[in-house]
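# Working through the structure, step by step
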Amino acid sequence: MAVVLTNTLSGRKEALVPREAGRVRLYWCGVTVYSRSHVGHARALVTADVLCRYLRARGLAVTFVRNFTDIDDKIIRRAAEVGIPAAELAEREIRAFAEDVAWLRCLPPTHEPRATEHIPAMLALIEQLVAAGFAYAVPDGSVYFRVRRFPAYGKLSHRRLDDMEAGEEIDAAKEDARDFALWKGAKPGEPWWSSPWGRGRPGWHIECSAMATGYLGQPFEIHGGGSDLVFPHHENEIAQSEAAAGVPFADLWVHNGMITTGAEKMSKSLGNILSIGEVAAQAPAEALRLLFLGTHYRTPLDFSPARLEESGRALGRLYEALARADEVAGGPPPALPVDGALAEPPTPFLTELCAAMDDDLNAARALGLVFDRMRELNRVLDAGDRAAASAIRRELAAVAATTGLLTEVPATFLETARRRGQERTGLSVAEIDAAIAARNDARRRKDFREADAIRERLREQGILLEDTPSGTMWKAG
Ligand SMILES: [Zn+2]
């Protein structure tokens, strides 16, 4: 097998080559825990989840590390606004994050380290950089990385040092405006740890360098995150880690594109952002996942409630086909474990699905195949071919293992969707049942005008009726 991924470092698709046969180490930058995670974070989380799932499904043992940045300027600022200690704010937001990520159905990482639990490793790395002349301390107790000492600086973001602007830290004691902080001397009232340079706290970038190599060693196979992290965060991680160890940091750098709304980037400062909790109130988690996977992970994705709804409807059609198959078979097939589910794809459809995913995780192409397969499933069900239906149904179970879509029991999913839709209409189930009974009554009296009027009234309220041999069914459309 050959999975290729676009490597931001080279700008090209490159084969994933495990340094140890059968094992892949993946570090994905997690969130800074100072406020609720939003749809942009959700996209990064789902991208990492699909990457991890797919590699595991293909038979690779993946060690997946996703960190928490639980000490940072933003946390300190926000905690001061709220009037609680920074550690308490971080703890609260970590709990909220755990709910969000569980709702998204992301597989738990192998390790989920917090920056504040790895301060000694960060200090050791900074001391090493100071000793080798790559870093220097200034009088306020901060330590900076000397970017001019690292000639490859800019290789990830494809920028030349001379074209770069000053870093975020404004400190007259810096040798070069572009030098970045490894350690920040503590200001009054801020949380601090002891260091050889006095009280202070780590810079953001050193956290990930220390945690990634601490859990995965160096070099490791894949480092990823949102494309907004390429510069300066990942560029700085590379500079620190490669300057210290003298070997590459990571082989492949994988970045997901941003979320836009209309033509604008979605961001907190623009105020056009939807939290994961807000999305959860509107749609099932898999509708959001389906929306994400319909666009290549590197491409910017335009998000709107209307697109989310459209994904929900497409997802409903997939589940309806599965539910039909399950009804014929007397229940759903057992869920497949993720590990090794597609180590050797057993059918032409799954071989094609893997070919799409092998090619830089082209989930949009894979989904096209899944929808084709669903149409085929409906066709064989219409034809009464039970054997063909159950074969396709089993194939679609492998889709769940690899993409995190179609993971629910179809009948349960559809019932939940029905209830959610019914709640939106403002009609109670009893009211809908009463309207259906009145319509049946009218039909018995051959008052078809009245029967049609009742159906039309329900339709206007968002309830669609369907007459089947076993009676009139309804769904919220
Ligand atoms: Zn990071």
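The residue count restarts for each chain, going from 1 along the sequence in the order it is written. With the structure being a predicted model, the display of local features is reserved for residues of pLDDT at least 70 and the display and counting of side-chain atom pairs for 80 or more, all residues being used for whole-chain, interface and lining totals. Remark: hydrogens and water are excluded; side-chain values derive from all non-hydrogen atoms of the structure.

### Comments concerning the sheet that holds strand S8 (residues 200-202)
At least two DSSP bridges between two strands are needed for those strands to be called paired. Put simply, DSSP marks the helices as runs of H or I at least four residues long and the strands as runs of E at least two long, and each gets a number from the N terminus on. Strand order in this open sheet of four strands is S5-S6-S7-S8, and the pairing throughout is antiparallel. Bordering the open sheet on either side are strand S5 (135-137) and S8, each of which pairs with just one other strand. Between one strand and the next, the sheet's axes are offset by a mean angle of 20°, whatever the strand orientation. Both strand S6 (residues 143-145) and strand S7 (residues 180-185) contribute to a ladder of three bridges, which runs antiparallel. Note on S7: the bridge partner recorded for tyrosine 144 is alanine 181. Note on method: axes are straight lines fitted to C-alpha atoms, helices fitted across the in-contact stretch only, with angles between N-to-C directions ranging 0 to 180 degrees.

### Points about the packing of aromatic side chains
Aromatic contacts are taken between Phe, Tyr and Trp rings whose centres are within 6.5 Å, Trp giving its six-membered ring; a plane angle under 30 degrees counts as stacked, one over 60 as edge-to-face, and the others as tilted. Within the structure shown, the criterion is met by 10 aromatic pairs. Seen from their ring centres, phenylalanine 145 and phenylalanine 180 are 5.1 Å apart, and the 15° between their planes marks the pair as stacked. With phenylalanine 145 in strand S6 and phenylalanine 180 in strand S7, this pair connects stretches of sequence that are 35 residues apart. Accessibility classification places phenylalanine 145 together with phenylalanine 180 in one group, the buried group. Here tyrosine 319 and phenylalanine 413 contribute two aromatic rings whose centre-to-centre distance is 3.9 Å and whose plane-to-plane angle is 20°, an arrangement assigned as stacked. Placement of tyrosine 319 in helix H9 (residues 305-329) and of phenylalanine 413 in helix H13 (residues 410-425) is noted, with a sequence separation of 94 residues between them. Taken together through their ring pairs, the aromatic side chains of Phe134, Phe145, Phe150, Tyr153 and Phe180 make up a single cluster. Only when the NZ of Lys or the CZ of Arg is both within 6 Å of the ring centre and within 35 degrees of the ring normal is a charge said to sit over the ring. Cation over ring: arginine 199 sits above tryptophan 192, and NZ or CZ is 3.7 Å from the ring centre. When accessible area is computed with a 1.4 Å probe and restricted to protein chains, residues below 20% of their type maximum are described as buried, those above 50% as exposed, and intermediate ones as partly exposed.

### Let's talk about the nonpolar core
Only buried Ala, Val, Leu, Ile, Met, Phe, Trp, Tyr and Cys residues count toward a nonpolar core, and they belong to the same one when joined by side-chain atoms within 4.5 Å. In terms of nonpolar packing, the biggest core is built from 88 residues, with Leu5, Leu55, Leu104, Ile222, Leu288, Phe303 and Leu377 touching the most fellow members. With 11 residues, helix H1 (residues 39-57) is the single largest residue contributor to this core. The domain boundaries here were taken from an automatic or database domain assignment. There are two domains that each give this core at least three residues, and those are domain 1 (20-265) and domain 2 (302-409). The residues touching leucine 55, leaving out its near neighbours within four places in the chain, are Val3, Leu16, Val24, Leu60, Val62 and Ile222. The next biggest cluster of nonpolar side chains, apart from the first, holds 40 residues, and it includes Ala115, Ala135, Phe145 and Trp253. Contact between two residues is taken to exist if any of their heavy atoms lie within 4.5 Å; hydrogens are not considered.

### Considering the side chain of arginine 53
Of note, arginine 53 is situated in helix H1. Excluding anything up to four places from it in sequence, arginine 53 contacts Arg105, Leu107, Arg289, Val338, Ala400, Ala401, Thr402, Thr403 and Gly404.

### Let's talk about the sheet that holds strand S4 (residues 61-66)
Across the sheet, four strands lie side by side as S4-S3-S9-S10; this open sheet has parallel pairing. Each of the sheet's edge strands pairs with one partner strand only, and the pair in question is S4 and strand S10 (250-256). Averaged over neighbouring strand pairs, the angle between their axes works out to 20° when direction is ignored. Across six bridges, strand S9 (residues 220-226) lies against S10 in parallel orientation. Along S10, the bridge assignment pairs glycine 224 with valine 254. Seen against the sheet, H1 touches strand S3 (23-28), S4, S9 and S10 and runs at an angle of roughly 175° to S3.

### Regarding the coordination of the zinc ion
In this structure, Cys29 (SG), Cys208 (SG) and His233 (NE2) serve as the protein donors to the zinc ion, at separations of 2.0 to 2.1 Å. Between the donor residues of the zinc ion, the gaps in sequence give the motif C-x178-C-x24-H. Taken together, the residues cysteine 208 in helix H5 (residues 204-216) and histidine 233 in helix H6 (residues 230-245) connect sequence positions 25 residues apart. Accessibility assignment for this pair places cysteine 208 and histidine 233 in one class, buried. A donor here means any N, O or S atom no more than 2.8 Å from the metal (3.2 Å for Na, K and Ca); water is not included, so a site may seem to lack partners.

### Structural notes on helix H8 (residues 285-293)
Counting buried positions along H8 yields nine of nine residues, so the element is predominantly enclosed. Among all positions in H8, only Ala285, Glu286, Ala287, Leu288, Arg289, Leu290, Leu291, Phe292 and Leu293 are buried.

### Topic: helix H12 (residues 386-403)
Helix length check: H12 (18 residues) gives 26 Å between terminal C-alpha atoms against 26 Å at 1.5 Å per residue, within 8%. The secondary structure elements touched by the buried residues of H12 are H1, H8, H9, helix H10 (348-358), helix H11 (363-382) and H13. After H12 finishes, the residue glycine 404 shows a positive phi value of roughly 80°. By this rule the span expected of a helix is its residue count minus one, scaled by 1.5 Å.

In short, geometric facts, not functional conclusions.
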